[in-house]
Amino acid sequence: MSIRIIEEKCTGCTLCVRACPFAAITMHEKLAVIGPECTLCGACVPACKFDAIELTVEKREPVDKTKYRNVWVVAEQKKGVVQSVTYELLGAGRELAKKRGSELHVVLLGTGMDGACDDLVARGADVVHYLDHPAFEHYQDEPYSRVLCRLMNAEKPEIVLCGATAIGRSLIPRVAVQINTGLTADCTGLEIAEDGGLMQIRPAFGGNIMATILTPDHRPQMATVRHKVMKEAKPDPKRKGKIVTVEPLKEDAYVRAKVVDLVEEIESTVNLAEADIIVSGGRGLGTPEGFKLIEDFALALGGAVGSSRAAVDAGWIPYSHQVGQTGKTVCPKLYVACGISGQIQHLVGMQSSDTIIAINKDREAPIFTVADYGIVGDLYKVIPAVIDRLNQR
Amino acid sequence: MKVVVCIKQVPDTTNVRINPETNTLIREGVESIVNPFDEYAIEEALRIKERLDEPVTTIAVTMGPPQAEAVLRQALSLGVDEAILLSDRAFAGSDTWATSYALSKMIEKIGDVDVVLCGKQAIDGDTAQVGPGIAVHLGVPQITFVKKIEELTPKKIRAERMMEEGYQVVESRLPVLLTVVKEINEPRLPSIRGKMRAKKAEIPTWTAANLDVKENSIGLKGSPTVVHKIYAPERKKDGRVLEGEPADVAVEIVSELKRLSLV
């Protein structure tokens, strides 16, 4: 695997320099030179009109793709309750299965969840693979990944989807490495390419660019999918499907990293990942007491309280509320930014929200560049007025 | 005890932009930094050294082009004992599968490693996949998204692993791989002495030839995923600006929220 410029053919036209997505090609004495930034992506090869760039790639033995069929969704459950991200995956998975002319399967690991299996069928699963065992009551890395690897190797799905949640992002990378296939993290779009492959679309560089990723020669094609981006599959009680019991093996429960306790410390008003509406406060509040107003506003809207990094660093509110690059990435239906100037670190964590309202004194604040509604004014006057108006209805 | 901390040099993503005409990255004027989450991993490695009675060696490693050496010097300036750079054109084009494979082989070569620390994810790719990948390649247990190490002995660890609604307390034997979140600590600043030491330090560079790697498992060839294309995200159209008396603004915004069925 290597790339080289065929110097006799290079005319120094710089077409490749412009085609390189990674700015890895420079010109030296009218010859193109490929620098260490090169990722061997190959974008320059077709851009060269003189066939002066040679990319030699010997890939690993490709798998026999015809043996892989169906779309699989890895269900997420906590305390025996299927999490809503699973329904979103079913919605997305159904579309993909339709385009591929294949079935939609769900794998559910837990205990005492027979009712949930019926619900998964009602929401579009043709087959539910259900493992019912007390050792699987709570998520643990090793047992969960062991069972999934075994199922994937035996059943050979073509596409596997999982939520890009704390659980999904710990579990699925293990499975993908173990079964020797590709995985794309935190997708916000999934499409089927002309050749039938899965186009995995995701933001990178903090949301400043979008990338489409392919898994050309390996199967299954695996992706984690960002919560709250795909539409939930709605239940249809008339739908029929099959429930297949997965038998656990004795060694499945073996763990080296064991979960010994679960501590819930975040009340639902803070669970930013689940919130449809988030009201966030920033440095513009001026004092920690300002968050009382943010809480009242969140209550009036039925939302959760978020914050900028500045407010967390100032000690006004715990880290669990922080939205942005080193905090949480959220995409609620409504995001209200109060007294947040909109540093890019914050914007990358919330700019994909459906509707954004910004309230800020400074009309030049960058937050207004991503806002659908920008309210220029003193938040201590605007917010009480809006709360009043909301309560009047 | 040996602690390895895996770090990555990343472009300061807050400045990375795409040229809308050519759909290519504009890298000019973009600074390279230590991945912010890795700063917490470095700090935690130093704290492990400080909290244990027995001797601990901390080693920072990175895979990247020759200039990635800069992040290792930064780790040394903070107090990490040793640093090794893995750099070879053969690793170019690595996705998370091939990257975690190469790093795991590096850790195997270092030998007798008890704790591997990683930041929870890198801010350029945001995948969070390399940490768990290293754990699987090494065949050691993992604890992801660690926000606190409650207890650590040469035999076992108890740590708090952040979840959406709280945390799990996880106990594991060593060796173990941890990925850490920002909440775990407050990174220190380098001392003058540390900076001097980092400046003078000789950092060994390992290549693929130094490692026991399968040639078809590294770089582009060892990567199941490929980047098909990159492009600029669609930007929102200019939003509406509301100004004036708070009461009037309130009436208007609430009626918009009603129209959008958000209240």
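Refer to the structure presented above.
My aim in this report is to walk through the structure given alongside it, one point at a time. (Residues numbered from 1 in each chain as written. Chains lettered and ligands numbered in written order. Predicted model: local features only at pLDDT ≥ 70, side-chain atom pairs only at ≥ 80, totals over all residues.)

## Comments concerning the overall build of chain B
The criterion, for reference: Only DSSP runs of H or I with at least four residues qualify as helices, and only runs of E with at least two residues qualify as strands; both kinds are numbered from the N terminus onward. Exposure criterion: with C-beta atoms placed from backbone coordinates, a residue whose C-beta has 20 or more other C-beta atoms within 10 Å is buried, one with 12 or fewer is exposed, and one in between is partly exposed. A pair of residues counts as a contact when their C-beta atoms, built from backbone coordinates, are within 7 Å of each other.
What chain B contains, in helices and strands, is six helices and 15 strands. Taken along its principal axes, the extent of the C-alpha atoms in chain B is 65 × 45 × 40 Å. Counting over 263 residues, chain B shows a buried share of 52%. In chain B, once contacts between residues fewer than 6 apart in sequence are set aside, the share between residues at least 24 apart is 69%.

## Things to note about the sheet that holds strand S21 (residues 355-360) of chain A
So the rule is basically this: Note: two strands are recorded as paired if DSSP finds a minimum of 2 bridges between them. Between N-to-C directions, angles span 0 to 180 degrees; the directions come from axes that are lines fitted to C-alpha atoms, helices contributing only their stretch in contact.
The parallel open sheet is built from six strands, whose spatial order is S19(A)-S18(A)-S20(A)-S21(A)-S22(A)-S15(B). In the strand order of this sheet, the two ends are held by strand S19 (304-307) of chain A together with strand S15 (240-242) of chain B, each with one partner. Mean inter-strand twist for the sheet, computed between neighbouring axes without regard to direction, equals 20°. Judged from the three bridges that link them, strand S22 (residues 373-376) of chain A and S15 of chain B form a sheet pairing that is parallel. Considered in S15 of chain B, the bridge of glycine 374 of chain A is made with valine 241 of chain B. Across the face of the sheet, helix H7 (residues 290-301) of chain A comes into contact with strand S18 (277-281), S19 and strand S20 (334-338) of chain A while running at roughly 165° to S18 of chain A.

## A short note on unusual backbone geometry
Arginine 219 of chain A connects to proline 220 of chain A through a cis peptide bond whose omega is -5°. Note on placement: proline 220 of chain A falls in the loop between strand S14 (209-214) and strand S15 (221-225). Along the chain, leucine 174 of chain B connects to proline 175 of chain B via a cis peptide bond; the corresponding omega equals -5°. Turning to its location among the elements, proline 175 of chain B is positioned in the loop between strand S11 (166-173) and strand S12 (176-180). For lysine 79 of chain A, which is not glycine, the phi dihedral falls at a positive 50°. Within the secondary structure layout, lysine 79 of chain A lies in the loop between strand S6 (77-78) and strand S7 (81-82).

## Observations regarding helix H10 (residues 379-392) of chain A
Residues and elements named next belong to chain A. Here is the rule: Multiplying one less than the number of residues by 1.5 Å gives the expected span of a helix. Arc definition: directions from the helix axis to the C-beta atoms.
Between its terminal C-alpha atoms H10 stretches 20 Å, which fits the 20 Å expected from 14 residues at 1.5 Å a residue. Considered for burial, the residues of H10 that qualify are Leu379, Val382, Ile383, Val386 and Arg389. Each buried residue of H10 lies within a common arc of 125° when the element is viewed along its axis, so the set occupies one face. Looking at H10, the residues exposed on the side facing more than 90 degrees away from the buried face are Asn391 and Gln392.

## Considering the nonpolar core
How we decide: We call a set of buried Ala, Val, Leu, Ile, Met, Phe, Trp, Tyr and Cys residues a nonpolar core when their C-beta atoms link them within 7 Å. Either an automatic procedure or a domain database provided the assignment from which the domain bounds are taken.
One finds Leu108 of chain A together with Val5 of chain B to be the most contacted residues of the largest nonpolar core, which totals 150 residues. Composition of this core by domain shows at least three residues from each of domain 1 (2-56) and domain 2 (65-253) of chain A. The contacts of valine 5 of chain B, once residues within four sequence positions are left out, are Ala41, Ile42, Ala45, Thr58, Ala60, Val80 and Leu117 of chain B. Within the second largest apolar cluster, 42 residues are counted, among which are Tyr335, Ala337, Ile367 and Val370 of chain A.

## Details of the pairing of S11 of chain B
Of the pairings in the sheet, the one linking strand S17 (residues 257-264) of chain A to S11 of chain B comprises seven bridges and is antiparallel in character. Bridge pairing links alanine 257 of chain A to serine 172 of chain B in S11 of chain B. Note: strand S10 (residues 156-163) of chain B against S11 of chain B, eight bridges, orientation antiparallel. Bridge assignment links arginine 158 of chain B to a residue of S11 of chain B, and that residue is glutamate 171 of chain B. The hairpin formed by S10 of chain B and S11 of chain B contains two residues between the paired strands.

## Let's talk about the packing of helix H6 (residues 168-178) of chain A against helix H4 (residues 130-138) of chain B
Just so we agree on the cut-off: Our angle categories are set so that under 35 degrees counts as roughly parallel, over 145 as roughly antiparallel, 65 to 115 as roughly perpendicular, and the remainder as oblique. What makes a crossing left-handed is the near helix being turned counterclockwise from the far one by less than a right angle; a clockwise turn instead makes it right-handed. Ten residues, namely Ala, Val, Leu, Ile, Met, Phe, Trp, Tyr, Cys and Pro, are considered nonpolar, four, namely Asp, Glu, Lys and Arg, are considered charged, and the remaining ones, Gly among them, are considered polar.
Across the interface, H6 of chain A lies against H4 of chain B with an axial gap of 8 Å and an inter-helix angle of 45°. Considered as vectors, H6 of chain A and H4 of chain B are oriented oblique to each other. By crossing handedness, the relation of H6 of chain A to H4 of chain B is classed as right-handed. Facing H6 of chain A, whose interface residues are Ser170, Pro173, Arg174, Val177 and Gln178 of chain A, H4 of chain B presents Pro132, Gly133, Val136 and His137 of chain B. Each residue belonging to the contact of H6 of chain A with H4 of chain B can be placed in one class, and the counts come to four nonpolar, four polar and one charged.

By themselves, these figures tell us nothing about what the structure is for.
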